[in-house]
Amino acid sequence: MSKTAHAPSASLRARAEIDLGALRANVRALRARAAGAAVMAVVKSDAYGHGALPCARAALEAGATWLGTATPEEALALRAAGLDARILCWLWVPGGPWRQAVEADIDVSLSGVWALREVTQAAREARRPARVQLKADTGLGRNGCQPADWAELVAGALRAEAQGLVRITGLWSHFACADEPGHPSIAAQLDRFREMLAYAEEQGVRPEVRHIANSPATLTLPATHFDLVRTGIAMYGISPSPEVGTPADFGLRPVMTLRAALALVKQVPGGHGISYGHHYVTPGATTLGLVPVGYADGIPRHASGTGPLLIDGKWRTVAGRVAMDQFVVDLGGDRPAVGSEVILFGPGDRGEPTAEDWAEACGTIAYEIVTRIGTRVPRVHVNGQEPG
Ligand SMILES: *Cc1c(COP(=O)(O)O)cnc(C)c1O
């Protein structure tokens with residue numbers, strides 16, 4: 001068991017246990033599903049709250065060959081930690097650390113000519129070509145180059161390549177509705193992607209990788225796999241959406257278990273208001289448990305009155321408001337010992353709720369539940385060593 005550094009008392013209060021063995025098995029399951037394509041482990045936002053470095057290392061051990069981040073700073077931190085895999089980052093603003101990215105051999109995404117200008121300038125300064133991937137907006141309507149502007153971006157990138165300033169390593173795009181199987185935009189985006197690829201290749205672009213699949217597309221749409229799949233949520237063992245299926249349907253196992261220790265157990269009379277605003281009032285004499293995590297730890301305030309927990313083998317529900325640092329549960333007269341384990345969510349196989357259960361209770365998606373867990377909660381990485 002390898003643990004990340006933290007104060008022991010903090011891990012007694014609450015901790016997020018990260019099962020790197022499960023993560024490696026998930027990567028292998030995704031590789032099998034996308035046979036013929038490379039796997040990019042998307043580790044943006046601290047690996048969706050799971051810890052970027054240990055998760056990136058585990059994913060590479062299991063056969064992922066690319067790492068993906070949103071920001072260049074996230075990519076540079078992976079390189080600085082000594083990871084030598086290919087790394088793509090895609091969310092740039094003017095004045096970003098282009099030169100550091102070029103010098104660190106990071107592949108950078110370009111969605112417009114302003115970005116091409118900045119990266120070619122950085123390549124001149126660094127005296128080496130930048131690895132660039134041109135991103136097409138095939139219908140998401142977020143980042144990426146519109147079809148009407150594609151010819152200009154492709155031509156500019158080819159000129160820069162001819163001058164030795166860039167190497168065009170990839171052509172890529174991103175889906176809007178891959179988590180809604182059968183949504184008509186999926187086929188439309190795929191057609192548009194094929195057209196934009198064909199145009200760039202006719203003009204002379206020779207990409208190493210063409211890619212559009214995120215987790216839901218990797219799991220359900222083999223025609224979208226191309227040369228590489230970019231998997232985030234599935235690698236963490238969470239289904240992209242209930243419509244896509246359960247993690248078990250795809251041989252995936254949730255990686256994060258969020259636990260806390262009961263900070264207080266006490267008897268109260270009936271009619272007692274609970275937590276700020278008294279939105280819960282005890283229906284009769286009962287026992288209460290105090291759970292020492294709150295919205296500062298990433299427990300959604302929307303879980304007030306709805307968030308599920310496992311305590312002493314029983315499902316309980318958040319009673320009243322989630323506060324900044326703590327919330328209360330009604331234990332219905334049971335008296336688990338103070339210090340007893342509270343499982344907020346985990347894989348579910350010991351009867352505990354899952355991140356998907358929390359998402360449903362809070363009206364959000366499981367991506368947000370795991371990603372928002374705060375820095376005050378230590379990540380404890382287990383099964384860190386590949387069995388030898
Ligand atoms: C976050 C992200 C992914 C991964 O998405 P999942 O649904 O978590 O697999 C892939 N590509 C891009 C561009 C992203 O921003």
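Participant: I'm lost on the overall build of the chain in this one. Help?
Facilitator: A tally of regular secondary structure across the chain gives twelve helices and 19 strands. The C-alpha radius of gyration of the chain comes to 23 Å, within 12% of the 21 Å expected for a compact globule of 388 residues. Principal-axis analysis of the C-alpha atoms places the extent of the chain at approximately 80 × 45 × 45 Å. The buried share of the chain, taken over its 388 residues, is 55%. Taking the contacts inside the chain whose residues are at least 6 apart along the sequence as the reference set, 67% of them involve residues at least 24 apart. When the accessible area of the chain is evaluated, it comes to approximately 16000 Å², of which 52% is carbon and sulfur surface. Between the mean site of the 38 positive side-chain charges and the mean site of the 39 negative ones, the chain shows a separation of 4 Å.

Participant: Where do I start with the pattern of salt bridges in this structure?
Facilitator: Close approach of charged atoms lets side chains of opposite charge pair. On inspection of all chains with the given rule, the structure shows 20 salt bridges. Taking the shortest distance from any N to any O, the salt bridge between Arg253 and Asp349 comes out at 2.6 Å. Taken together, the positions of Arg253 in the loop between strand S9 (228-231) and strand S10 (256-261) and Asp349 in the loop between strand S18 (341-345) and helix H11 (355-362) put the pair 96 residues apart, joining distant regions of the chain. For Arg253, a relative accessible area of 35% puts it in the partly exposed group. Among the ionic pairs, Asp325 bridges to Arg376, the shortest N-O distance being 2.9 Å. You can see Asp325 sitting in the loop between strand S16 (314-319) and strand S17 (327-330) and its partner Arg376 sitting in the loop between helix H12 (366-371) and strand S19 (379-382), a full 51 residues away along the chain.

Participant: Would you mind going over the nonpolar core with me for this structure?
Facilitator: Buried together is how nonpolar side chains tend to be arranged in soluble globular proteins. Judged by nonpolar contacts, the single largest core of 119 residues is most densely connected at Val119, Leu134, Trp150, Phe327, Leu344, Phe345 and Trp358. Residue-level mapping places this core at the junction of two domains, with at least three residues from each of domain 1 (20-236) and domain 2 (256-382). Leu344 has contacts with Leu258, Arg259, Ala260, Val293, Ile299, Pro308, Leu309, Phe327, Pro353 and Trp358, leaving out every residue within four places of it along the chain. Grouped together as the second largest cluster of nonpolar side chains are six residues, Ile274, Leu290, Ala319 and Val328 included.

Participant: Looking at this structure, how should I read the site of the ligand?
Facilitator: Near the ligand lie 15 residues; those nearest to it are Lys44, Tyr48, Ser215, Ile233 and Tyr367. Between Gly232 and the ligand, the recorded distance is 2.9 Å, taken from a backbone N or O atom to an oxygen atom. At 2.7 Å, a side-chain N or O of Tyr367 approaches an oxygen atom of the ligand. Here the ligand loses 94% of its free accessible area of 380 Å² to cover by the protein chains. Because more than half of its atoms lie within 2 Å of the grid, the ligand is assigned to the largest pocket. Sorting the residues of the shell around the ligand by element identifies helix H3 (44-49), helix H10 (215-220) and S9 as the ones contributing at least two each.

Participant: How should the packing of aromatic side chains be read in this particular structure?
Facilitator: Aromatic ring pairs are defined here through the distance separating the ring centres and the angle between the ring planes. Counted according to the given criterion, the structure contains six aromatic pairs. Centroid distance Trp90 to Trp172: 5.5 Å. Interplanar angle 50°. Geometry classified as tilted. With Trp90 in the loop between strand S4 (86-89) and helix H6 (98-103) and Trp172 in strand S7 (residues 166-172), the pair connects residues that are 82 residues apart, well separated along the chain. In this pair, the class of Trp90 matches that of Trp172, namely buried. Taken together, the ring pairs connect Tyr48, Tyr236 and Tyr367 into an aromatic cluster.

Participant: Got a minute to help me understand the environment of Val291 in this structure?
Facilitator: Examined against the element boundaries, Val291 turns out to sit in strand S14 (residues 286-291). The spacing of Val291 and Ala248 is 43 residues in sequence and 29 Å in space, taken between C-alpha atoms. Those residues in contact with Val291 that sit more than four places away from it in its chain are Ala260, Leu262, Asp325, Gln326, Phe327, Val329 and Val342.

Participant: What is the right way to look at empty space enclosed by the protein in this model?
Facilitator: Rolled over the atoms, a probe as big as a water molecule pinpoints where empty space is left. On inspection of all chains with the given rule, the structure shows one cavity of 30 Å³ or more. If you trace the largest cavity, you find it lined by Ile238, Pro254, Val255, Met256, Phe345, Gly346, Thr354, Ala355, Glu356 and Val370. Looking at the lining of the largest cavity residue by residue, the class counts come to seven nonpolar, two polar and one charged.

Participant: Would you mind showing me how to read H11 here?
Facilitator: Within an α-helix, residues lying three or four positions from one another point in the same direction, as the helix has 3.6 residues per turn. Burial in H11 covers these residues: Ala355, Trp358, Ala359 and Cys362. All buried residues of H11 lie within an arc of 100° about the axis, which places them on one face of the element. Where H11 is buried, its residues meet strand S15 (308-311), S16, S18 and H12. Downstream of H11 by one or two residues, Gly363 has phi in the positive range, about 65°.

Scoring rules and cut-offs
Residues numbered from 1 in each chain as written. Predicted model: local features only at pLDDT ≥ 70, side-chain atom pairs only at ≥ 80, totals over all residues. Heavy atoms only, no water. Helix = DSSP H or I, 4+ residues; strand = E, 2+ residues; numbered from the N terminus. Rg over C-alpha atoms; globule rule 2.2 N^0.38 Å. Buried < 20%, exposed > 50% of the residue type's maximum accessible area, 1.4 Å probe, protein only. Contact = heavy atoms within 4.5 Å. Areas by Shrake-Rupley, 256 points an atom, 1.4 Å probe, with all protein chains shown as cover. Lys, Arg positive; Asp, Glu negative; His and termini not counted. Charge placed at Lys NZ, Arg CZ, Asp CG, Glu CD. Salt bridge = Lys/Arg side-chain N within 4 Å of Asp/Glu carboxyl O. Core = buried A, V, L, I, M, F, W, Y, C linked by side-chain atoms within 4.5 Å. Domains from an automatic or database assignment. Near = heavy atom within 4 Å. Polar contact = N/O pair within 3.5 Å; in protein donor to acceptor, adjacent residues only side chain to side chain. 1 Å grid on protein atoms, 1.4 Å probe; cavity = no way out; pocket = protein on both sides within 12 Å on 5 of 7 lines; lining within 4 Å. Sits in = over half its atoms within 2 Å of the grid points. Phe/Tyr/Trp six-rings, centres within 6.5 Å; stacked < 30°, edge-to-face > 60°. Points joined across faces, edges and corners; volume = space filled by probe spheres on them. Nonpolar A, V, L, I, M, F, W, Y, C, P; charged D, E, K, R; others polar. Arc of directions from axis to C-beta.

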